[in-house]
Amino acid sequence: MIETALPDRIAHLESIARALEPGAADRSALLREVNQYAEEFLESLPDRPAYHVTDAMGIGIREGRVEEEPPGLSRALDLLREHVDGPGLNPASGGHLGYIPGGGIYTSALGDFLSDISNRYAGVFFGGPGAVRLENLVTRWVADVVGYPDSAAGVHLAGGSMANLVALATARDARGLRGKDYQQAVVYLTSQTHHCIEKSLRVLGLGECHVRQVPLDDRYRMRPDDLDRLIVADGAAGLKPWLVVASAGTTDVGAVDPLTAIAEVSARHGLWYHVDAAYGGFFGLTEHGRSMLRGMELSDSVVLDPHKSLFLPYGSGVLLVRDGARLAETNHYEAHYMQDAKKVTDELSPADLSPELTRPFRALRLWLPLMIHGVAPFRAALEEKCLLARYFRHEVARRGFWVGPEPDLSVVVYRYIPERMRAPGAELDWPAVDRYNEQLVEAIRRDGRVFVSSTRLGGRFTLRIAVVVHRTHLTTIHTTLTVLDELVNQLGK
Ligand SMILES: *Cc1c(COP(=O)(O)O)cnc(C)c1O
């Protein structure tokens, strides 16, 4: 193409590219249609199943292929309604009592909307000074919930798995672990630790480390005396103990490890002490939670997921490191093309605190709800969830179910042992009991009014509920009990 023809070609391309920037009238129309979809979804939530089994299981979404001719918003919303927001688990439902994250508060979605509209860059202070200060302000609030000192720093990541990954990288560097040490290095956790910890070790190249599962007490919590014993034995054998991972709210049973006692053992042996409070951390806003989580503030690093116990939509995990300089040491980098963005204040920049450079303005989705609602409704909701779990446990126990320990937070484990299998004096036919409970959980899923999940505890098939959706209330628990009553009657008492 000859250079003089360029302006014509450019103008032509512009006329097509401008479709990416709808005008005010078009924006209103788009927003109205999207809002109508959102309203329909939210208004129908109480009547929607928590789990919806369909034959197609979403296969029809393949009609939404990307093609040169765009089908348009209405068609796209139809496809979403039918094939995405229909089948499978509905995590927005109050009846979602299965996996831990769920819910999704509306005002947080508005925060996402605003941060996406302005696309404010919250990675480096130079680019978004106000946005970075806001992120740090919210981080400090989370640090206050934990009880960390002013030296702490933290960063908002996509979720607990990412936050744990960055925590372990920081722990590795802070303890001076080098490649030649990996085969001697030892990590201490329990069989109840979330699998993302071992996944992180592998992703970080630390897969060769020894991983010790510290024995549990009868409430599925780490035993600090056994931790101490294992560390001493490993040290005597010439190994390098370097990291303890405690859980503040385990996935299976919601147990909180004895955080203070573990802190003492870790400190005595000079190990990095990480607390995975992805699920449990924000229960620290309540009086009960604060007493359960005592000792969390003694850790070297901690992870809390706002998309769990602050009910945010998926996409928020916070990592805090007590000595914030450690976090920066592992993640700070300089590059020529970043020279304009050199440090100009003491305000830490998120890009220096995690592997991410270009990242969403994540703190806004947490800050905006806190500005609109204040802390009180979160605190009340968290206490309500703990009490719902306690109430549910009491009610299923009353119905003859086996129940696990009184919940530390908001998870209850239980299973049904049919009367016909409870031959007095005889050994239980465990495979038959397992099968019964497997059938029960499948029947609950097919029924769909509520969704509960299952796990294995001590090798036995076990049902669990985790109450972590802000829309779960007393009526939901009553529905769950009704569903259990009906299905146990069907399957045989
Ligand atoms: C959910 C959870 C994780 C993983 O976090 P994601 O946000 O799902 O990535 C890690 N640890 C615990 C204890 C959890 O509950």
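Residues numbered from 1 in each chain as written. Predicted model: local features only at pLDDT ≥ 70, side-chain atom pairs only at ≥ 80, totals over all residues. Heavy atoms only, no water.

Quick notes on the sheet that holds strand 11 (residues 402-403)
Taken in spatial order, the 5 strands make up an open sheet running 3-13-14-12-11, and their pairing is mixed. Of all strands in the sheet, those bounded by a partner on one side alone are strand 3 (96-97) and strand 11. With respect to the sheet, helix 14 (residues 376-398) is in contact with strand 11, strand 12 (411-415) and strand 14 (460-466), its orientation differing from that of strand 12 by roughly 10°. (Pairing = 2+ DSSP bridges. Helix = DSSP H or I, 4+ residues; strand = E, 2+ residues; numbered from the N terminus. Contact = heavy atoms within 4.5 Å. Axes fitted to C-alpha atoms, helices over the stretch in contact; angles between N-to-C directions.)

A short note on the sheet that holds strand 5 (residues 185-189)
Taken in spatial order, the 7 strands line up as 4-10-9-8-7-5-6 in an open sheet, and their pairing is mixed. The open sheet has two edge strands with one neighbour each: strand 4 (153-157) and strand 6 (210-213). Going across the sheet, the axis of each strand differs from the next one's by a mean of 20°, ignoring polarity. Relative to strand 9 (residues 301-304), strand 8 (residues 272-277) runs parallel, the two sharing 4 bridges. The residue of strand 9 that forms the bridge with Asp276 is Val303. Lying over the sheet, helix 12 (residues 324-331) contacts strand 4, strand 8 and strand 10 (317-321), oriented at roughly 110° with respect to strand 10.

As for a nonpolar patch on the surface
Together, Leu31, Phe113, Leu114 and Ile117 give the surface a local cluster of nonpolar side chains, amounting to about 390 Å² of exposed area. In terms of residue count, helix 4 (residues 106-118) provides more of the nonpolar patch than any other element does, 3 residues in total. For Ile117, a relative accessible area of 59% gives the class exposed. (Patch = residues over 30% accessible without salt bridge, like charges linked within 9 Å, V, L, I, M, F, W, Y side chains within 5 Å. Areas by Shrake-Rupley, 256 points an atom, 1.4 Å probe, with all protein chains shown as cover. Salt bridge = Lys/Arg side-chain N within 4 Å of Asp/Glu carboxyl O. Buried < 20%, exposed > 50% of the residue type's maximum accessible area, 1.4 Å probe, protein only.)

Some points on the domain arrangement of the protein
When the domains of the protein are assigned, the result is domain 1 (1-41), domain 2 (110-373) and domain 3 (377-491). Between domain 1 and domain 2, the C-alpha centre-to-centre distance is 41 Å. (Domains from an automatic or database assignment.)

Digging into the pattern of salt bridges
A complete count under the given rule lists 31 salt bridges for this structure. Measuring nitrogen to oxygen at the nearest pair gives 2.8 Å for the salt bridge that ties Arg365 to Asp112. Pair noted here: Arg365 is in helix 13 (residues 364-373) and Asp112 is in helix 4, with a separation of 253 residues, a long-range link. The class of Asp112 is partly exposed, set by a relative accessible area of 21%. Put simply, Arg221 and Asp408 hold a salt bridge, and the shortest N to O gap is 2.6 Å. Of this pair, Arg221 sits in the loop between strand 6 and helix 8 (224-236) while Asp408 is found in the loop between strand 11 and strand 12, placing the two residues 187 residues apart along the sequence. Given the relative accessible area of 5%, Asp408 is considered buried.

With respect to the side chain of Lys385
Mapped onto the elements, Lys385 comes out in helix 14. Judged by relative accessible area, Lys385 falls into the buried class, the value being 1%. Here the side chain of Lys385 touches His470 through a polar contact of 3.3 Å, landing on its backbone oxygen. Setting aside chain neighbours within four positions, we find Lys385 in contact with Phe311, Ser410, Val467, Val469, His470, Thr472 and His473. (Polar contact = N/O pair within 3.5 Å; in protein donor to acceptor, adjacent residues only side chain to side chain.)

A look at the environment of Val403
Residue position: Val403 is located in strand 11. Counting along the chain gives 11 residues from Val403 to Tyr414, while the straight-line C-alpha distance between them is 4.2 Å.

Notes on the site of the ligand
Around the ligand there are 14 residues in total, and Gly160, Ser161, Asp276, Asp305 and Lys308 lie nearest to it. Taking Ser161, its side chain carries an N or O atom lying 2.6 Å from an oxygen atom of the ligand. Between the ligand and the protein, one listed contact pairs a nitrogen atom with a side-chain N or O atom of Asp276 at 2.5 Å. Considered on its own, the ligand offers 380 Å² of accessible surface; in the complex 87% of this is hidden by protein. Class assignment of the residues belonging to the shell around the ligand gives a composition of 3 nonpolar, 8 polar and 3 charged. (Near = heavy atom within 4 Å. Nonpolar A, V, L, I, M, F, W, Y, C, P; charged D, E, K, R; others polar.)

Thoughts on helix 12
Since the α-helix advances by 3.6 residues per turn, residues separated by three or four positions end up pointing in the same direction. Residues of helix 12 that are buried: Gly324, Leu327, Ala328, Thr330 and Asn331. In a view along the axis of helix 12, the buried residues occupy a sector of 165°, so they form one face of it. (Arc of directions from axis to C-beta.)

Comments concerning unusual backbone geometry
The phi dihedral of Met57 falls on the positive side, at around 45°, and the residue is not glycine. Within the element layout of this structure, Met57 appears in the loop between strand 1 (51-52) and helix 3 (73-84). Residue Asn119 is not a glycine yet carries a positive backbone phi of 50°. Take Asn119: it is sitting in the loop between helix 4 and helix 5 (129-146).

Some points on the packing of aromatic side chains
Inspection of every chain in the model, using the stated rule, returns 8 aromatic pairs. Judged by centre distance (5.1 Å) and plane angle (75°), the rings of Phe392 and Tyr414 are edge-to-face. Linking Phe392 in helix 14 with Tyr414 in strand 12, this pair joins segments that are 22 residues apart in sequence. On the accessibility criterion, Tyr414 (0% relative accessible area) is buried. Here a set of aromatic residues connected by ring pairs shows up, and it is made of Phe392, Phe401, Tyr414, Tyr416 and Tyr436. For the cation-ring pair, Arg415 lies above Trp402, with the distance from its terminal atom to the ring centre recorded as 4.2 Å. One residue, Arg422, lies across the ring of Tyr416, its end atom 5.8 Å from the ring centre. (Phe/Tyr/Trp six-rings, centres within 6.5 Å; stacked < 30°, edge-to-face > 60°. Lys NZ or Arg CZ within 6 Å of the ring centre and 35° of its normal.)

Section: the pairing of strand 8
Along strand 8, 6 of the 6 residues are buried, which leaves the element largely enclosed by surrounding structure. Across the two faces of strand 8 the burial is the same, with Trp272, His274 and Asp276 and Tyr273, Val275 and Ala277 all buried. Following the chain from strand 8 across helix 10 (residues 287-292) to the adjacent parallel strand 9, one finds a crossover that is right-handed. (Right-handed = clockwise from strand over helix to strand, strands pointing away.)

Concerning the packing of helix 15 (residues 430-447) against helix 16 (residues 474-491)
Where helix 15 meets helix 16, the axes come as close as 10 Å, and the angle between the chain directions of the two elements is 125°. In terms of their interaxial angle, helix 15 and helix 16 are classed as oblique. Judged by the sense of rotation from one axis to the other, the crossing of helix 15 with helix 16 is right-handed. Judged by residue contacts, Tyr436, Gln439, Leu440, Ala443, Ile444 and Asp447 of helix 15 engage Val483, Leu484, Leu487, Val488 and Leu491 from helix 16. A class-by-class count of the residues in the contact of helix 15 with helix 16 yields 9 nonpolar, 1 polar and 1 charged. (Parallel < 35°, antiparallel > 145°, perpendicular 65-115°, else oblique. Left-handed = near helix turned anticlockwise from the far one by under 90°.)

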